[in-house]
Amino acid sequence: MRRYSKHTDEDDIRVRPHRKGTRPRTHTRPKHEDAAEGFVLTVDRGRITCLVQDRTVTAMKARELGRKSVAVGDRVAVVGDLSGAKDTLARVVRVEERTSVLRRTADDNDPYERVIVANADQLAIVTALAEPEPRPRLVDRCLVAAFDGGLQAMLVLTKSDLAPAEPLLTTYAPLGLEHVVTGREGYEDGSAAEELRALFEGRTTVLVGHSGVGKTTLVNALVPERQRTTGHVNAVTGRGRHTTTSALALPLPGPEGAGPGAAGWVIDTPGVRSFGLHHVDPDRVIHAFPDLEPGTAGCPRACSHDEPGCALDRWVAEGHADPARLASLRRLLATRVRREGD
Ligand code: ZN
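Nothing here was measured: the structure is a model prediction, and the numbers come from that model.

A. Focus on the pattern of salt bridges. Within this structure, the stated rule accounts for 13 salt bridges. Note that aspartate 148 and arginine 284 form a salt bridge whose closest N and O atoms lie 2.8 Å from each other. Highlighted residues: aspartate 148 in helix α1 (residues 136–149) and arginine 284 in helix α7 (residues 282–286), separated in sequence by 136 residues. Among the salt bridges present, the one from glutamate 318 reaches arginine 314, with a minimum N-O distance of 3.7 Å. Since its relative accessible area comes to 55%, arginine 314 is described here as exposed.

Given below as structure tokens:
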């Protein structure tokens, strides 16, 4: 599974410093065999809050990790004081291989990329149908980030009491996304939350959405206050302007006695307003279109898939895939070169 290798941080292979009388030895993992397993709930200004068994432990990155990043959703190995007591600090010594990576570039002209969330299964894009008006281009950018990172995407359309969902659903129909439409009534009688819980059950779902779209209402409906204030998590949400990418994992309520996260995780991304897409690889995006992907075999080298020689036109003309799917793919790929906020 080297699909993400191009973008993962440096290798985990380390060379021990040369010691007197011994040959340099190349060590691969594991080291720290006594380390405990942790799940990263949030990362804020270098402080990593992770769940170790049922305790919330604050940790920092061990020096040996070098430039390797630690992100919300990472499975990590932790050593040191794991009591979770106030003012204790453990160390994250290892980050396990990621199954998916939601990342963003600070902006399209800045190639520096950050991992926002690791190991999530799906991205729920929350958009209001009115007040504020839907911004399909922003939705497209979120979709590209999801497909690039190996996540499934779904739409959560809110405020259906103010405007119909059909126009937006029609735009996105070719993508065959899961979607939930919610309005005020859905929250009042709990039906929207039920519908969402069914889609989120047992999975790790990242929520993204502009302010005012009702994302907070959604989080409150899914995760009761009790879960949201587990351990120190409530103490680390003081994110300011400079921590716009910090996300927070919240456990969905599970059966009595089950540990946090047994029913799945919701990862709220309060500061993520949009995605810089400089890092996106069209081939990873196309991977989310299994009906089109084989058609790219006849493409010229480094095909943008939106140029005269692109083999996808013939692929669709020969009836292998729906033209609407190709049009959607091309629209998504075009968002990479469009400026943010357009
Ligand atoms: Zn092509």
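Further notes follow.
B. Looking closely at the coordination of the zinc ion. Around the zinc ion, the protein contributes the donor atoms Cys299 (SG), Cys303 (SG), His305 (ND1) and Cys310 (SG), at 2.2 to 2.4 Å from the metal centre. Of note is the zinc ion, whose four donor atoms meet at the metal with angles of 102 to 114° in an arrangement that counts as tetrahedral. Written as a sequence motif, the donor residues of the zinc ion are C-x3-C-x1-H-x4-C. There is no split in this pair, since cysteine 303 and cysteine 310 are both buried.

C. Local environment of the nonpolar core. In terms of nonpolar packing, the biggest core is built from 55 residues, with Leu123, Leu143, Leu292 and Leu329 touching the most fellow members. Per element, the largest residue contribution to this core is seven residues, and it comes from α1. Residues contacting leucine 329, with those up to four places away along its chain left out, are Val285, Ile286, Phe289, Leu292 and Leu312. Counting 20 residues, the second largest nonpolar core, distinct from the first, contains Ala124, Leu196, Val213 and Val219.

D. Structural view of helix α4 (residues 191–200). Those residues of α4 that sit buried are Ala192, Ala193, Leu196, Leu199 and Phe200. All buried residues of α4 project into a common sector of 125° when viewed along the axis, lining one side. In the segment just after α4, glycine 202 is the residue with positive phi, at about 70°.

E. Summary view of the environment of lysine 215. Counting through the fold element by element, lysine 215 comes out in helix α5 (residues 215–222). Expressed as a C-alpha distance, the spacing of lysine 215 and threonine 127, which sit 88 residues apart in the sequence, is 8.5 Å. Setting aside anything within four residues of it in sequence, one finds lysine 215 in contact with Val126, Leu207, Val208, Gly209, Asp268, Thr269 and Pro270.

F. Focus on the environment of valine 337. The residue valine 337 is located in the segment after α9 (323–334) in this model. Judged by relative accessible area, valine 337 falls into the exposed class, the value being 72%. Along the primary structure valine 337 and histidine 278 are separated by 59 residues, whereas in three dimensions their C-alpha atoms are 8.2 Å apart.

G. Structural context of the pairing of strand β5 (residues 55–61). Inspection of the sheet shows strand β4 (residues 47–52) paired to β5 by five bridges, in the antiparallel sense. Bridge assignment links isoleucine 48 to a residue of β5, and that residue is alanine 59. Hairpin connection from β4 to β5: two residues lie between these consecutive antiparallel strands, with glutamine 53 at a positive phi of about 50°.

H. Local environment of the pairing of strand β3 (residues 36–44). The element β3 is largely enclosed, with a buried count of seven among its nine residues. The pairing of β3 with strand β6 (residues 75–80) spans four bridges and is classified as antiparallel. Of the residues in β6, the one forming a bridge with glutamate 37 is alanine 77. In this structure, the hairpin formed by β3 and β4 is closed by a connection of two residues, where arginine 45 is found at a positive phi of approximately 45°.

I. Seen up close, the packing of α4 against α5. It is the contact of α4 with α5, at a shortest axis distance of 10 Å, that shows an interaxial angle of 75°. Classed by the angle they form, the pair α4 and α5 counts as roughly perpendicular. Of the residues in α5, those touching α4 at Ala193, Leu196, Arg197 and Phe200 are Leu218, Ala221 and Leu222. Tallied by class, residues from the contact of α4 with α5 come to six nonpolar, no polar and one charged.

J. Representation of the confidence of the model for the protein. Chain-level pLDDT for the protein is 83 on average; 81% of the residues reach the 70-or-more range. Looking at the elements of the protein, mean pLDDT is at its lowest for strand β1 (residues 14–15), recorded as 42, and at its highest for helix α8 (residues 312–317), recorded as 97. Below a pLDDT of 50 lies the segment residues 1–22, which in the model reaches 41 contacts outside its immediate sequence neighbourhood of four places, other chains included. Note that residues 230–245 has pLDDT below 50 and, in this model, 34 contacts with residues that lie over four places away or in other chains.

Procedures and definitions
- Residues numbered from 1 in each chain as written.
- Predicted model: local features only at pLDDT ≥ 70, side-chain atom pairs only at ≥ 80, totals over all residues.
- Heavy atoms only, no water.
- Salt bridge = Lys/Arg side-chain N within 4 Å of Asp/Glu carboxyl O.
- Helix = DSSP H or I, 4+ residues; strand = E, 2+ residues; numbered from the N terminus.
- Buried < 20%, exposed > 50% of the residue type's maximum accessible area, 1.4 Å probe, protein only.
- Donors = N, O, S within 2.8 Å, 3.2 Å for Na, K, Ca; no water.
- Tetrahedral: all angles 85-135°; square planar, octahedral: opposite > 155°, others 65-115°.
- Core = buried A, V, L, I, M, F, W, Y, C linked by side-chain atoms within 4.5 Å.
- Contact = heavy atoms within 4.5 Å.
- Arc of directions from axis to C-beta.
- Pairing = 2+ DSSP bridges.
- Axes fitted to C-alpha atoms, helices over the stretch in contact; angles between N-to-C directions.
- Parallel < 35°, antiparallel > 145°, perpendicular 65-115°, else oblique.
- Nonpolar A, V, L, I, M, F, W, Y, C, P; charged D, E, K, R; others polar.
- pLDDT = per-residue confidence, 0-100.

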